[in-house]
Amino acid sequence: MVIGVLALQGAVSEHVNMLSQCGVRAKLIKEPADLQDIEGIIIPGGESTTIYKLLVSEQLLQPLKNLIQNNFPVFGTCAGLVLLAQQESLGGLNGEVKRNGFGRQRESFESLIDVEGFTEPFHGVFIRAPYLKEVSSDVKVLATLVDGRIVAAQQKNVLVTAFHPELTMDNRFHELFVKQMIATSEFVDN
Amino acid sequence: MSKTGTTLVKRGMAQMQKGGVIMDVVNVEQAKIAENAGAVAVMALERVPSDIRAAGGVARMSDPAMVEAIMDAVTIPVMAKARIGHIAEARILESIGVDYIDESEVLTPADDTYHINKNEFQVPFVCGCRDLGEALRRIDEGATMLRTKGEPGTGNIVEAVRHMEKVNEQITQVKAANHNQLVMFARNLKAPYELVKEVHDSGKLPVVNFAAGGVATPADAALMMNLGADGIFVGSGIFHSENPAKFAKAIVTATAHPTDYALIAEISKNLGSPMKGIEISTLSAEQKMANRGI
């Protein structure tokens with residue numbers, strides 16, 4: 001199995017390492033031709049405005065958007081969540097996102113969080129992180145903070161976390177993406 | 001329980017900047033140009049390094065009002081510079097909420113013995129280095145991001161190349177060393193043994209390392225990325241060029257695609273003049289900023 005990691009800017013190598021821990025080969029995605037022969041794609045953490053501008057200038061935005069609309073499996077962390085929740089950007093997740101939702105860097109934090117379907121809590125690393133304010137009824141909320149802010153969610157083929165599993169040693173989200181979402185994917189390449 | 005100011009969130013913040021360009025800006029208008037061009041962060045300062053060089057005198061932390069105005073104007077992270085060893089300037093910048101502090105040799109050093117104990121701060125720090133010893137000493141003090149020193153404000157890439165190659169060469173040597181040699185490396189590098197051992201075991205620096213000091217063109221940015229830089233700082237190179245918005249965008253593209261030379265050729269066409277630049281051998285030892293705070 002080969003999974004793409006969008007490699008325009010951000011924590012790319014960290015996701016590549018996570019995938020290799022899951023026994024999966026990663027392919028760096030820098031231009032539309034790279035989208036061939038992958039079974040899913042990860043949108044890494046980074047600066048969402050920068051990644052968005054590069055998606056547009058590399059003419060990757062529309063092809064990726066089309067794939068996601070056709071049920072192509074995608075996993076976005078932090079900036080990836082922002083891009084997937086903004087309909088004018090990648091879209092795919094029906095919810096309202098609050099960028100830099102916790103404040104500036106000095107408010108960045110680590111916290112153990114309970115995740116739907118995981119027996120043990122997950123080490124959440126939040127860096128100038130966004131959160132989801134509201135999601136539509138077709139979105140399954142996977143984790144909320146005590147104050148109700150949504151920080152992990154899944155909508156069919158789209159998985160998002162506001163925090164960075166790629167900065168930890170814990171590959172449960174990557175396993176979920178690879179072993180469940182891609183394994184049961186309804187994506188049909190036409 | 002949630003914890004702020006941890007090493008993981010400080011180092012992680014720098015990891016999120018990888019593959020990006022951090023641009024020096026002196027006002028809100030420039031900050032917006034940088035953000036529109038795709039900068040991953042801006043460095044807010046009153047004068048870019050080449051102007052600091054030209055002005056002479058003591059260079060200090062920028063006016064907090066100016067830094068705050070830039071923080072209000074853009075959504076990307078905002079960094080600011082404190083003088084080497086100037087704990088009070090750093091605390092002031094932390095109190096207004098800048099996202100990263102550059103303890104920078106571009107400003108006039110305030111302490112010729114000690115750097116800031118950066119471990120005590122909530123806000124993360126980036127520091128310059130010319131070799132692995134400097135890099136590990138700064139990490140020991142709590143720096144969670146590094147950059148080459150280069151020779152700031154010259155528009156001349158040679159010093160940044162030298163510093164990046166030196167760090168890489170020493171990492172290669174440390175990787176291959178046995179126990180006794182690691183002890184000697186720690187001694188010669190004037191760096192803690194534990195950090196030397198960490199580099200030996202992992203084969204890399206424990207924090208992100210950007211290129212800085214002399215980047216003036218998209219080709220310079222591509223060169224530094226190919227030498228192993230995790231990203232690029234551009235100081236005077238953008239806003240002292242003939243067409244800042246175009247230069248900024250072209251340097252962002254070259255940093256994201258450092259081996260796509262056909263693309264870099266395309267974006268380098270008709271860019272106009274880069275900043276003028278200074279030949280390093282014309283600088284006296286006192287004029288070299290890279291020699292400060294080693």
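The name an unreviewed UniProt entry gives chain B is Pyridoxal 5'-phosphate synthase subunit PdxS, with Liquorilactobacillus mali KCTC 3596 = DSM 20444 as the organism. The UniProt entry for chain B carries this comment under Pathway (unreviewed entry): "Cofactor biosynthesis; pyridoxal 5'-phosphate biosynthesis." Chain B has a UniProt comment under Sequence similarities (unreviewed entry) that states "Belongs to the PdxS/SNZ family."

Looking up chain A in an unreviewed UniProt entry gives the name Pyridoxal 5'-phosphate synthase subunit PdxT, with the organism given as Liquorilactobacillus mali. In its Pathway (unreviewed entry) section, UniProt records this for chain A: "Cofactor biosynthesis; pyridoxal 5'-phosphate biosynthesis." Taken from UniProt, the Sequence similarities (unreviewed entry) comment for chain A reads in full: "Belongs to the glutaminase PdxT/SNO family."

Chemist: Mind laying out the overall build of chain B, listing which residues take part and the relevant values?
Modeler: Along its length, chain B carries 13 helices and 9 strands. In terms of overall size, chain B behaves like a compact globule, its C-alpha atoms giving a radius of gyration of 18 Å where 294 residues would be expected to give roughly 19 Å. When burial is assessed residue by residue, chain B has 57% of its 294 residues classed as buried. Long-range pairs, those at least 24 residues apart, make up 67% of the contacts in chain B between residues at least 6 apart in sequence. Accessible surface, chain B: about 11300 Å² in total, of which carbon and sulfur atoms supply 51%. Charge centroids of chain B, computed over 30 positive and 35 negative side chains, lie 4 Å from each other.

Chemist: An account of the interface of chain A and chain B is requested, with residue identities and associated values reported.
Modeler: Taken together, the contact pairs 36 residues of chain A with 41 residues of chain B. Both sides of the chain A and chain B interface together cover about 2800 Å² of buried area, and 52% of this is carbon and sulfur. Of all residues in chain A, Arg-104, Arg-106 and Glu-110 of chain A give up the largest surface area on contact with chain B, accounting jointly for 24% of the area buried on that side. Between the two partners, chain A and chain B, sit 3 salt bridges. With its nearest N and O atoms 3.0 Å apart, the salt bridge here joins Asp-99 of chain B to Arg-128 of chain A. Applying the counting criterion to the chain A and chain B interface returns 23 residue pairs in polar contact (both at pLDDT 80 or more). The set of elements that each furnish at least two residues to the side of chain A that touches chain B consists of helix H1 (12–21), helix H2 (48–57), strand S6 (109–113) and strand S7 (122–126) of chain A. Take the side of chain A that touches chain B: its biggest share by element is 5 residues, from H2 of chain A.

Chemist: Can you lay out the nonpolar core for me, pointing to particular residues and giving the numbers?
Modeler: Grouped together as the largest cluster of nonpolar side chains are 114 residues, with contacts concentrated most on Leu-55, Phe-126, Val-151 and Phe-173 of chain A. With residues near it in sequence (within four places) discarded, Val-151 of chain A still touches Phe-102, Ile-113, Phe-126, Tyr-131, Ala-143, Thr-144, Leu-145, Val-160, Thr-161, Ala-162 and Phe-163 of chain A.

Chemist: Run through the sheet that holds strand S8 (residues 208–210) of chain B, naming residues and quoting values.
Modeler: Residue and element names in this part refer to chain B. Spatially, S8-S7-S6-S5-S4-S3-S2-S9 is the arrangement adopted by the 8 strands of the open sheet, whose pairing is parallel. The open sheet has two edge strands with one neighbour each: S8 and strand S9 (232–234). For this sheet the average axis-to-axis angle between neighbouring strands, irrespective of direction, equals 30 degrees. Examined bridge by bridge, strand S2 (residues 21–25) and strand S3 (residues 41–44) share 4 bridges and lie parallel to one another. Bridge assignment links Ile-22 to a residue of S3, and that residue is Ala-41. Lying on the sheet, helix H2 (residues 28–37) is in contact with S2 and S3; it crosses S2 at an angle near 165 degrees. This element, helix H6 (residues 132–140), spans strand S6 (125–129) and strand S7 (145–148) of the sheet and lies at about 160 degrees to S6.

Chemist: Outline the layout of surface pockets, supporting the account with residue identities and numerical values.
Modeler: Remark: the empty space left among the atoms is shown by a probe the size of a water molecule rolled over them. As a volume, the largest pocket reaches approximately 1400 Å³. Those elements that provide at least two residues to the lining of the largest pocket are H1 of chain A together with helix H1 (7–15), helix H7 (158–176), helix H9 (193–202), S8 and helix H12 (244–256) of chain B. When residues in the lining of the largest pocket are grouped by element, the largest group, 6 residues, is from H1 of chain A. Split by residue class, the lining of the largest pocket holds 18 nonpolar, 18 polar and 12 charged. In this model, the second largest pocket occupies a volume close to 230 Å³. Along the walls of the second largest pocket sit Pro-32, Leu-35, Gln-36, Asp-37, Ile-38, Pro-63, Asn-66, Leu-67, Phe-72, Phe-187 and Asp-189 of chain A, which together make up its complete lining. In the lining of the second largest pocket, the residues fall into 7 nonpolar, 2 polar and 2 charged.

Chemist: Give a description of the UniProt feature "domain: PdxS/SNZ N-terminal" (unreviewed entry) in chain B that names residues and reports values.
Modeler: As recorded in UniProt, the sites labelled "domain: PdxS/SNZ N-terminal" (unreviewed entry) are residues 7–212 of chain B. For residues 7–212 of chain B, the end-to-end C-alpha separation is 23 Å, with 46% helix and 16% strand making up the annotated structure.

Chemist: Got a sec to walk through the packing of aromatic side chains? Specific residues and values, please.
Modeler: To describe a pair of aromatic rings, you give the distance between the ring centres and the angle between the ring planes. Enumeration over the complete set of coordinates arrives at 14 aromatic pairs over all chains. Ring centres 5.2 Å apart and planes at 65 degrees place the aromatic pair Phe-102 of chain A and Phe-109 of chain A in the edge-to-face group. By the burial criterion, Phe-102 of chain A is buried, and Phe-109 of chain A matches it. With a centroid separation of 5.8 Å and 40 degrees between ring planes, the pair formed by Phe-122 of chain A and Phe-163 of chain A is classed as tilted. Note that Phe-122 of chain A is positioned in strand S7 and Phe-163 of chain A in the loop between strand S11 (158–161) and helix H5 (172–182), a separation of 41 residues in sequence. Using a relative accessible area of 0% as the deciding quantity, one classes Phe-163 of chain A as buried. Ring pairing ties together the aromatic residues Phe-102, Phe-109, Phe-118, Phe-122, Phe-126, Tyr-131, Phe-163 and Phe-173 of chain A, which thus form one cluster. One cation-aromatic arrangement involves Arg-149 of chain A over Tyr-131 of chain A; the distance from NZ or CZ to the ring centre is 5.0 Å. Across from the ring centre of Phe-121 of chain B, 3.8 Å away, lies the NZ or CZ of Arg-91 of chain B, which sits over that ring.

Chemist: Outline the sheet that holds S6 of chain A, supporting the account with residue identities and numerical values.
Modeler: Strand pairs in the sheet, formed through backbone hydrogen bonds, run parallel or antiparallel to each other. Strand order in the open sheet formed by 3 strands is S7(A)-S6(A)-S1(B), with antiparallel pairing between adjacent strands. Each edge of the open sheet is held by one strand with a lone partner, namely S7 of chain A together with strand S1 (2–4) of chain B. Taking the axes of each pair of neighbouring strands and ignoring which way they run, one obtains an average angle of 20 degrees across the sheet. Bridge count between S6 of chain A and S7 of chain A: 5 bridges; the pairing is antiparallel. By the bridge assignment for S7 of chain A, Ile-113 of chain A is matched with Phe-122 of chain A. Along the sheet, H1 of chain B contacts S6 and S7 of chain A; its crossing angle with S7 of chain A, the most-contacted strand, is approximately 55 degrees.

Conventions we followed
- Residues numbered from 1 in each chain as written.
- Chains lettered and ligands numbered in written order.
- Predicted model: local features only at pLDDT ≥ 70, side-chain atom pairs only at ≥ 80, totals over all residues.
- Heavy atoms only, no water.
- UniProt positions renumbered as here; feature names shortened; annotations may be inferred.
- Helix = DSSP H or I, 4+ residues; strand = E, 2+ residues; numbered from the N terminus.
- Rg over C-alpha atoms; globule rule 2.2 N^0.38 Å.
- Buried < 20%, exposed > 50% of the residue type's maximum accessible area, 1.4 Å probe, protein only.
- Contact = heavy atoms within 4.5 Å.
- Areas by Shrake-Rupley, 256 points an atom, 1.4 Å probe, with all protein chains shown as cover.
- Lys, Arg positive; Asp, Glu negative; His and termini not counted.
- Charge placed at Lys NZ, Arg CZ, Asp CG, Glu CD.
- Buried area = accessible area lost by both parts, 1.4 Å probe.
- Salt bridge = Lys/Arg side-chain N within 4 Å of Asp/Glu carboxyl O.
- Polar contact = N/O pair within 3.5 Å; in protein donor to acceptor, adjacent residues only side chain to side chain.
- Core = buried A, V, L, I, M, F, W, Y, C linked by side-chain atoms within 4.5 Å.
- Pairing = 2+ DSSP bridges.
- Axes fitted to C-alpha atoms, helices over the stretch in contact; angles between N-to-C directions.
- 1 Å grid on protein atoms, 1.4 Å probe; cavity = no way out; pocket = protein on both sides within 12 Å on 5 of 7 lines; lining within 4 Å.
- Points joined across faces, edges and corners; volume = space filled by probe spheres on them.
- Nonpolar A, V, L, I, M, F, W, Y, C, P; charged D, E, K, R; others polar.
- Phe/Tyr/Trp six-rings, centres within 6.5 Å; stacked < 30°, edge-to-face > 60°.
- Lys NZ or Arg CZ within 6 Å of the ring centre and 35° of its normal.

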